[in-house]
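Understanding the architecture of this molecule
Listed below are the residues making up each chain.
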Amino acid sequence: MNAAEAWTRLEAELSAWQQARRTASLWWRDDDAGDATPALRRLMAIALTHRVPLALATVPAWATSALAAAVSEAGTVVSVLQHGYAHANHAPLGQKKFELGPERPAAVVVAELAQGWHVLESRFGAQFSPVLVPPWNRMAPYLPPFLAELRYRGLSQFGPRARRQPVRGLLQVNTHVDIVHWKGPAPRFAGEAKLVDEFVLHLAARRAGEADPEEPTGLLTHHAAHDEACWRFLEDLFGRLAKHAAVQWLAAPAIFADGAKP
Ligand SMILES: [Zn+2]
């Protein structure tokens, strides 16, 4: 696959949105925030430079006061979502990693999530949106009704959503393009042509009604795992998309603010 051809296909897809007088809504979620590391600061600088709203899926048990200070300083371009509680794996050895799985009693899992919400609200105040991002993008099927009861506004995993609201009052908005390739000895950039085509595929599916047209296309990053190629791709992507009138980057608080309405 050729990267230049992929960018041309993306431009054509966005032009089709523009001709249809539709807004190609996008959003950006970055996972595994905890401390104000150099990588985290680099990520925030990119968000500020390109004025692209950044939703930091933050692990409550990892959240430091240095991160709180950096988020506060960045202002409204940065918001905080809840990434599980401790990003701890409770699955038996050899099985897929699972923090919010069936291994522990529901009461324990739910109490931990409520504690995590409290931690993030105390640290980040109004920049925290009560939206759950399950670690490893998976959770036990019993959880969504509990989340609605706890008054979470939203849920975010990976891949086209099956339903707008998995249960009444809980909006689901996922991410769709993961820039990191996780298999192999170390995480690395997933590849320019492949990623650009993934944007094209989700946007085209939305436009054709094959995917939910109202679900914003989600970019997924993991600042702690980025190699230089990942960083370059983000700069390039934001720079190129800024030129398109059809593109609108949405902030997570706006996406999830009234999304829970039926
Ligand atoms: Zn994670």
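Located above this text is the structure these notes cover.
Each chain has its residues counted from 1, following the order in which its sequence is written. Local features in this predicted model are restricted to residues whose pLDDT is 70 or higher, and side-chain atom pairs enter the listing and the counts only when it is 80 or higher, whereas totals over whole chains, interfaces and linings include all residues. Excluding hydrogens and water, the side-chain figures rest on all heavy atoms present in the structure.

**Thoughts on the nonpolar core**
Put simply, a nonpolar core is a bunch of buried Ala, Val, Leu, Ile, Met, Phe, Trp, Tyr and Cys residues held in one set by side-chain atoms that sit within 4.5 Å of each other. Partly exposed describes any residue whose relative accessible area lies between the buried limit of under 20% and the exposed limit of over 50%, with all areas from a 1.4 Å probe on protein chains only and scaled to the type maximum. If you look at the biggest cluster of nonpolar residues, it comprises 64 residues, and the most contacted ones within it are Trp28, Met44 and Leu56. A run of H or I in DSSP becomes a helix once it reaches four residues, and a run of E becomes a strand once it reaches two; helices and strands are each numbered from the N terminus. Top contributing element to this core by residue count: helix 7 (residues 228-241), with seven residues. Should any heavy atoms of two residues lie within 4.5 Å, those residues are considered in contact. Setting aside residues up to four positions removed in sequence, Met44 forms contacts with Leu54, Leu56, Leu67, Ala70, Val71, Ala74 and Val78. Counting residues in hydrophobic clusters, the runner-up holds eleven residues, among them Ala55, Val133, Val173 and Phe256.

**Some points on the pairing of strand 3 (residues 78-82)**
With five of its five residues buried, strand 3 lies for the most part within the structure. With burial as the criterion, each face of strand 3 is covered, one bearing Val78, Val80 and Gln82 and the other bearing Ser79 and Leu81. Taken together, the two bridges between strand 3 and strand 4 (residues 128-132) define a ladder with parallel strand orientation. When the bridges of strand 4 are listed, Val80 appears paired with Phe128. The path from the first strand over the helix to the second decides the hand: if it runs clockwise while the strands point away from the viewer, the crossover is right-handed. For the crossover that starts at strand 3, traverses helix 4 (residues 106-124) and ends in the parallel strand 4, the hand is right-handed. By this definition, two strands are paired if DSSP reports at least two bridges between them.

**Topic: the pairing of strand 1 (residues 24-33)**
With nine of ten residues buried, strand 1 is to be regarded as a mostly interior element. Across five bridges, strand 1 lies against strand 10 (residues 217-221) in parallel orientation. Looking at the pairing, Leu26 lines up with Thr217 of strand 10. When strand 1 meets strand 2 (residues 54-58), the two strands line up parallel, connected through four bridges. Looking across to strand 2, one finds that Arg29 is bridged to Ala55.

**Some remarks on helix 3 (residues 65-74)**
Along helix 3, the positions that sit buried rather than exposed are Leu67, Ala68, Ala70, Val71 and Ala74. An end-on view of helix 3 places all buried positions within 165° of arc, on one side of the element. The exposed residues of helix 3 that point more than 90 degrees off its buried face are Ser65 and Glu73. Elements that come into contact with the buried residues of helix 3 comprise strand 1, helix 2 (38-50), strand 2, strand 3 and helix 4. Taken from the residues just after helix 3, Gly75 is the one with a positive phi, measuring 80°. This arc is built from the directions going out from the helix axis to the C-beta atoms.

**What to know about helix 4**
The span you would expect from a helix comes to 1.5 Å times its residue count less one. The terminal C-alpha atoms of helix 4, which comprises 19 residues, lie 27 Å apart, in line with the 27 Å expected from a rise of 1.5 Å per residue. All of the buried residues in helix 4 are Val109, Val110, Glu112, Leu113, Gly116, Trp117, Leu120 and Phe124. Projected down its long axis, helix 4 shows its buried positions confined to an angular sector of 155°, all on one face. Those residues of helix 4 that are exposed and aimed more than 90 degrees away from the buried face are Ala107 and Ser122. In the core, the buried residues of helix 4 are packed alongside strand 2, helix 3, strand 3, strand 4 and helix 5 (143-149). Among the residues trailing helix 4, Gly125 stands out with phi positive, at a value near 55°.

**Comments concerning the packing of aromatic side chains**
Note on aromatic pairs: each is described by the distance of the centres and the angle between the planes. Pairing of aromatic rings covers Phe, Tyr and Trp, the last through its six-membered ring, and needs centres within 6.5 Å; plane angles under 30 degrees mean stacked, over 60 mean edge-to-face, and all others mean tilted. Counted by the stated rule, this structure contains eight aromatic pairs. Measuring from ring centre to ring centre gives 5.4 Å for Phe189 and Phe233, while their planes differ by 45°; the resulting arrangement is tilted. With Phe189 in strand 9 (residues 188-189) and Phe233 in helix 7, this pair connects stretches of sequence that are 44 residues apart. For Phe189, a relative accessible area of 16% gives the class buried. For Phe233, a relative accessible area of 3% puts it in the buried group. Grouping aromatic residues by their ring pairs yields a cluster made of Trp7, Phe189 and Phe233. Arg240 extends its terminal NZ or CZ atom over the ring of Trp7, reaching a point 4.2 Å from the ring centre. Charge-over-ring placement is defined geometrically: NZ (Lys) or CZ (Arg) within 6 Å of the ring centre, and within 35 degrees of the ring normal.

**Focus: the pattern of salt bridges**
For this document, the term salt bridge refers to a Lys or Arg side-chain nitrogen within 4 Å of an Asp or Glu carboxyl oxygen. Taken as a whole and assessed by the stated rule, the structure comprises eight salt bridges. Salt-bridge contacts for Arg9 lead to Asp197; the nearest nitrogen and oxygen are separated by 2.9 Å. One end of the pair, Arg9, is in helix 1 (residues 3-19); the other, Asp197, is in helix 6 (residues 192-208), with 188 residues separating them in the sequence. On the basis of relative accessibility, which here comes to 34%, the residue Arg9 falls in the partly exposed class. Exposure remark for Asp197: the relative accessible area of 13% places this residue in the buried category. Notably, a salt bridge pairs Glu13 with Arg207, separated by 2.7 Å at the nearest N-O pair. Pair noted here: Glu13 is in helix 1 and Arg207 is in helix 6, with a separation of 194 residues, a long-range link.

Treat this as a map of the structure, not an account of what it does.
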